[in-house]
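# Structural description and commentary
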Amino acid sequence: MDIQDIKDMLNTDKYEFLRTDPRLRENILILTTAGSIAYGTNVDTSDIDIRGVTIEVKQDLLGLSSFEQFEDRTTDTVVYGLKKFISLCLDSNPNVLEILGTRDDHLLVITKEGQLLRDNADLFFSKKAIHSFGNYATAQLRRLKNALARDSYPQAEKEQHILDSILGQMEHLKRTYKSFTNEEINLYIDQSDKQEMDTEIFIDINLKHYPLRDLKNIYSDMSNVVKNYSKLNHRNNKKDELHLNKHAMHLIRLLITGTEILEGKGINTYREKEREFLLDIRKGKYSYNELFEMVDEYERRFRLAAENTSLPDNPDYKRVEELMLEIYSNVWGFGQ
């Protein structure tokens with residue numbers, strides 16, 4: 001499906017909400033492709049994902065109501081309110097920054113204010129991208145390794161993968177709940193007394209005056225990793241292979257995109273240069289050993305870019321705020 005087909009599709013009843021929802025309609029600043037179409041890695045069976053930004057209505061800004069985002073799951077459409085969108089961009093959220101880096105011909109709606117956001121994308125770039133893109137890529141790598149481990153790895157190696165997955169969440173848990181040190185909550189693998197296990201994960205907890213509800217939520221998040229990993233399912237080998245290849249493709253794409261941001265090259269969502277290479281990964285051209293070797297190389301480049309980046313520690317919040325005020329003033333006349 002080409003871009004004109006997608007534009008035509010938006011005029012169908014399926015996407016009527018774009019024209020009828022009071023927070024969308026003429027308030028949409030940007031509407032663009034997302035997912036594999038935006039990356040250039042789509043195949044005939046790919047879903048059509050739509051993402052965008054809309055400006056909040058006056059009641060949301062000055063009245064009692066509030067608005068963060070609109071979501072239509074049937075069509076996989078998400079449109080963020082301007083404040084929520086900018087907040088996510090300031091945190092270098094990869095899925096949201098990508099809206100600012102799609103190809104011009106992939107723009108389904110673009111206003112003067114939407115173009116202003118895209119023209120000032122560099123305001124949002126900072127060293128936060130090291131963690132956001134790095135963590136997203138690591139999550140993809142865990143999915144890939146864990147899926148393989150469920151099928152063929154020895155029990156002790158599977159246990160190590162579960163631990164790696166939980167440890168990969170630690171920074172997120174420390175930010176989400178009251179912070180703790182690695183000494184206060186320490187996870188490690190040791191010999192197991194269980195007959196069916198050689199080794200298993202253990203935890204040492206040494207917390208004082210720690211909120212009970214936070215500890216409960218931390219345990220729940222860790223428990224979900226174990227639960228999801230251990231779920232019994234009827235595996236379709238061919239389908240699983242396609243999913244694993246897709247994870248590998250997105251992992252390398254994330255590392256490439258993040259590296260470019262750290263090198264000061266901006267956000268380029270459509271991977272024109274690497275398109276055929278990424279599609280070859282998706283189609284299963286490379287073995288998993290070859291893929292892991294390539295991942296190691298792209299991770300090395302990402303870390304090198306992180307060590308040498310000239311990006312600031314944090315975005316220029318003052319300039320971003322000025323940009324927001326300019327957009328609100330242009331649309332709603334605030335400050336005039």
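If you're wondering where the values come from, they're calculated on a predicted model, not measured in any experiment.

All told, the structure shown has one cavity of 30 Å³ or more when counted by the stated rule. Taken as a whole, the largest cavity spans an internal volume of roughly 40 Å³. Along its surface, the largest cavity is lined by T32, T33, A34, G35, A38, R51, N95, E98, I99, T102 and T269. Listed by contribution, the elements that provide at least two residues to the lining of the largest cavity are β1 (28-34) and α3 (35-39). Per-element accounting of the lining of the largest cavity gives the leading share, three residues, to β1. When its residues are assigned to classes, the lining of the largest cavity shows three nonpolar, six polar and two charged.

Time to look at the pattern of salt bridges. Scanning all chains against the criterion turns up 20 salt bridges. With its nearest N and O atoms 3.5 Å apart, the salt bridge here joins E68 to K84. Of this pair, E68 sits in the loop between α4 (58-62) and β3 (69-72) while K84 is found in helix α5 (residues 82-90), placing the two residues 16 residues apart along the sequence. A salt bridge links R275 to E276; the nearest nitrogen and oxygen atoms lie 3.1 Å apart. By relative accessible area, which is 25% here, R275 ends up partly exposed.

Our next topic: the side chain of E159. Looking at the element boundaries, E159 is found in helix α9 (residues 155-167). For the buried E159, no salt bridge is present, and the opposite-charge side chain at shortest range is K194, 7.9 Å distant.

Moving on: the domain arrangement of the protein. Domains assigned within the protein are domain 1 (3-125 + 315-332), domain 2 (129-149 + 237-308) and domain 3 (153-231). Each of domain 1 and domain 2 has a C-alpha centre, and the two are 25 Å apart. Every contact between the two is made by 23 residues of domain 1 and, on the other side, 19 residues of domain 2. Taken together, the connections running from domain 1 to domain 2 amount to one salt bridge. A salt bridge links R253 to E98; the shortest N-O distance between them is 3.2 Å. Run the count over domain 1 and domain 2 and you get nine residue pairs in polar contact (both at pLDDT 80 or more). When contributions to the side of domain 1 that touches domain 2 are tallied by element, the ones reaching two or more residues are α3 and α6 (94-97). Looking at the side of domain 1 that touches domain 2, the element that brings in the most residues is α3, giving four residues. By residue class, the composition of the side of domain 1 that touches domain 2 is nine nonpolar, eleven polar and three charged.

Calculation rules
Residues numbered from 1 in each chain as written. Predicted model: local features only at pLDDT ≥ 70, side-chain atom pairs only at ≥ 80, totals over all residues. Heavy atoms only, no water. 1 Å grid on protein atoms, 1.4 Å probe; cavity = no way out; pocket = protein on both sides within 12 Å on 5 of 7 lines; lining within 4 Å. Points joined across faces, edges and corners; volume = space filled by probe spheres on them. Helix = DSSP H or I, 4+ residues; strand = E, 2+ residues; numbered from the N terminus. Nonpolar A, V, L, I, M, F, W, Y, C, P; charged D, E, K, R; others polar. Salt bridge = Lys/Arg side-chain N within 4 Å of Asp/Glu carboxyl O. Buried < 20%, exposed > 50% of the residue type's maximum accessible area, 1.4 Å probe, protein only. Lys, Arg positive; Asp, Glu negative; His and termini not counted. Domains from an automatic or database assignment. Contact = heavy atoms within 4.5 Å. Polar contact = N/O pair within 3.5 Å; in protein donor to acceptor, adjacent residues only side chain to side chain.

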